[in-house]
Every structure is written in structure tokens, then in C-alpha cells.
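Observations on the three-dimensional arrangement
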Amino acid sequence: GAGVSQSPSNKVTEKGKDVELRCDPISGHTALYWYRQRLGQGLEFLIYFQGNSAPDKSGLPSDRFSAERTGESVSTLTIQRTQQEDSAVYLCASSLTGTGNTIYFGEGSWLTVV
Amino acid sequence: QQQVKQSPQSLIVQKGGISIINCAYENTAFDYFPWYQQFPGKGPALLIAIRPDVSEKKEGRFTISFNKSAKQFSLHIMDSQPGDSATYFCAARSFGSYIPTFGRGTSLIVHP
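Residues numbered from 1 in each chain as written. Chains lettered and ligands numbered in written order. Predicted model: local features only at pLDDT ≥ 70, side-chain atom pairs only at ≥ 80, totals over all residues. Heavy atoms only, no water.

Residues and elements named next belong to chain B. On the surface, Ile 18, Ile 20 and Met 78 cluster together to form a nonpolar patch covering roughly 240 Å² of accessible area. Following the sequence through the fold, Ile 20 ends up in strand β3 (residues 19-25). On the basis of relative accessibility, which here comes to 35%, the residue Ile 20 falls in the partly exposed class. (Patch = residues over 30% accessible without salt bridge, like charges linked within 9 Å, V, L, I, M, F, W, Y side chains within 5 Å. Areas by Shrake-Rupley, 256 points an atom, 1.4 Å probe, with all protein chains shown as cover. Salt bridge = Lys/Arg side-chain N within 4 Å of Asp/Glu carboxyl O. Helix = DSSP H or I, 4+ residues; strand = E, 2+ residues; numbered from the N terminus. Buried < 20%, exposed > 50% of the residue type's maximum accessible area, 1.4 Å probe, protein only.)

Tallying each qualifying case throughout the model produces 18 aromatic pairs over all chains. Among the aromatic residues, ring-to-ring pairing joins Tyr 33, Tyr 35, Phe 45, Tyr 48 and Phe 105 of chain A together with Tyr 36, Tyr 98 and Phe 102 of chain B into one connected group. (Phe/Tyr/Trp six-rings, centres within 6.5 Å; stacked < 30°, edge-to-face > 60°.)

The next point concerns the pattern of salt bridges. Tallied over the entire structure, the rule returns seven salt bridges over all chains. Between Arg 36 of chain A and Glu 44 of chain A there is a salt bridge whose closest N-O contact spans 3.0 Å. A relative accessible area of 3% means that Arg 36 of chain A is categorised as buried. A salt bridge links Lys 57 of chain B to Glu 59 of chain B, with the shortest nitrogen-to-oxygen separation between them at 3.7 Å. You can call Lys 57 of chain B partly exposed: its relative accessible area is 32%. A relative accessible area of 36% means that Glu 59 of chain B is categorised as partly exposed.

A word on unusual backbone geometry. In this chain, Ser 7 of chain A is followed by Pro 8 of chain A through a cis amide linkage whose omega measures -10 degrees. Secondary-structure assignment places Pro 8 of chain A in the loop between β1 (5-7) and β2 (10-13). Residue Pro 8 of chain B follows Ser 7 of chain B across a cis peptide bond; omega there is -5 degrees. Counting through the fold element by element, Pro 8 of chain B comes out in the loop between β1 (4-7) and β2 (10-14).

Another point: the layout of surface pockets. Approximately 610 Å³ is the volume attributed to the largest pocket. Around the largest pocket sit 30 residues that line it, and Gln 37 and Trp 110 of chain A together with Gln 38, Pro 40 and Thr 87 of chain B are the ones nearest its centre. No other element matches the four residues that strand β11 (residues 106-111) of chain B contributes to the lining of the largest pocket. Across the lining of the largest pocket, the residue classes tally to nine nonpolar, 17 polar and four charged. (1 Å grid on protein atoms, 1.4 Å probe; cavity = no way out; pocket = protein on both sides within 12 Å on 5 of 7 lines; lining within 4 Å. Points joined across faces, edges and corners; volume = space filled by probe spheres on them. Nonpolar A, V, L, I, M, F, W, Y, C, P; charged D, E, K, R; others polar.)

Right, let's get into the nonpolar core. Counting 24 residues, the largest nonpolar core has Val 4, Phe 33, Trp 35, Phe 73, Leu 75, Tyr 88 and Leu 108 of chain B as its most contacted members. Where this core is concerned, the elements lending two or more residues are β2, β3, β4 (30-38), β5 (45-50), β7 (62-67), β8 (72-77), β9 (86-94) and β11 of chain B. It is β9 of chain B that contributes the most residues to this core, four residues altogether. One finds Val 19, Leu 32, Leu 77 and Val 113 of chain A within the second-largest nonpolar core, a separate group that totals 20 residues. (Core = buried A, V, L, I, M, F, W, Y, C linked by side-chain atoms within 4.5 Å.)

Here's what the structure looks like:
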């Protein structure tokens, strides 16, 4: 596609449920990032994928968070046993190389945990 | 990751005025400093970026000023327009790293 595509755009879930957020990066982009943006806050790094290398999971806030990526395409961020503090916009981004020079963001998935 | 400190948190400017957003950093290994612009409901988009070998970079009404010795950089928006109303994030990345560190963002409102 022309840009980074994320789904769903909005998700309301009950506390304790699991959610999956999907990201389809720009075709040919080898690097993929997930960030979290809480209301009025900055961009919090979660996880980074580069090609077939092991992902950098250093930003994941707890073991309830996990992410997978199939080759150099779609990625899924999974949040298990959601809590109210997980409410945020989850942004996916991709870049052509792993240098992070120009990162292209999707429009995000807005997650609300009630 | 080293923190990038951004100020102010919010900024209100009249149309035609100059908007100035400041960022400071500690990690001297940072070698790339981009600014991102985010409109409501959209993802951030790269606006302009600078490397520390120059002190200023200008693109249209947007200028980055960089002070290496003070470890500070700033975004200046000249002749600010209502369409510039958005959240602006500064960021920094060190050589060999692939994960930029973002500031907390500045919400800019330009009144017509």
C-alpha cells in the first residue's frame, strides 16, 4: 500500500480481555516499529523488527505485551489481560532501512479498556 | 535510551507570529535530530531534520537551530498559520542505533 496501514482504527475492550492490533508496513520496508502514545504524552518505544533479525523487545512494558512479524510484512501486537492503563494509541511505523532516519507512521489504533 | 527534554508542553501563537519549540539532550552520541508533526487522528510525519555538522537548516517557514555545545536544538516556525496547529515532537538518534528517542511533544495552536 501507499502508507503504513493499521487495524482496527478503534477498539474498545473490557478489562481482562486480550486484544490484537495489526500493522501492514510500507512494501519493501525492512524495519518495523511499535510505539505507544498515551493521551497528552510522548511516543513510548515498544518493540522493533529488522528483517529476519531477533526483535528488540526492550520497550515492552510487561510480559502481557508481545509482538510478531511474518518475514518483512505484517506485524501483530498482542496485549493479554488488558488493564485500564493500557488505554492509548498504538502506533506502528516502518522504514526502508534499519537506521531510523525516516520513519513513516501509520494513523494508529486507539485502544480503550473499560 | 537517553531522554530528550522538550518544551513548552503547549504553545499558543497568533497568526503571522513565530513559534519556537526547544529540545535538550544529554547523550553526546546523538547524531541525527528530526522533528515530527502530528495532526489530530493522524500518525506523526517527518517535518525536518538536522545533523550536528551544521548549526541551522531551513525548509520554507520551518527552521532548525542546533547548538552542539549546549546540547540543544529548536524548531522555529516563521509566519505561523492556523494550518500549522498540531503536535510537534523532537527526536534524537545515535549513530548505529535504529530507535529514535522522542520528546514529550508540544501542542501548538495558531489563532487566526
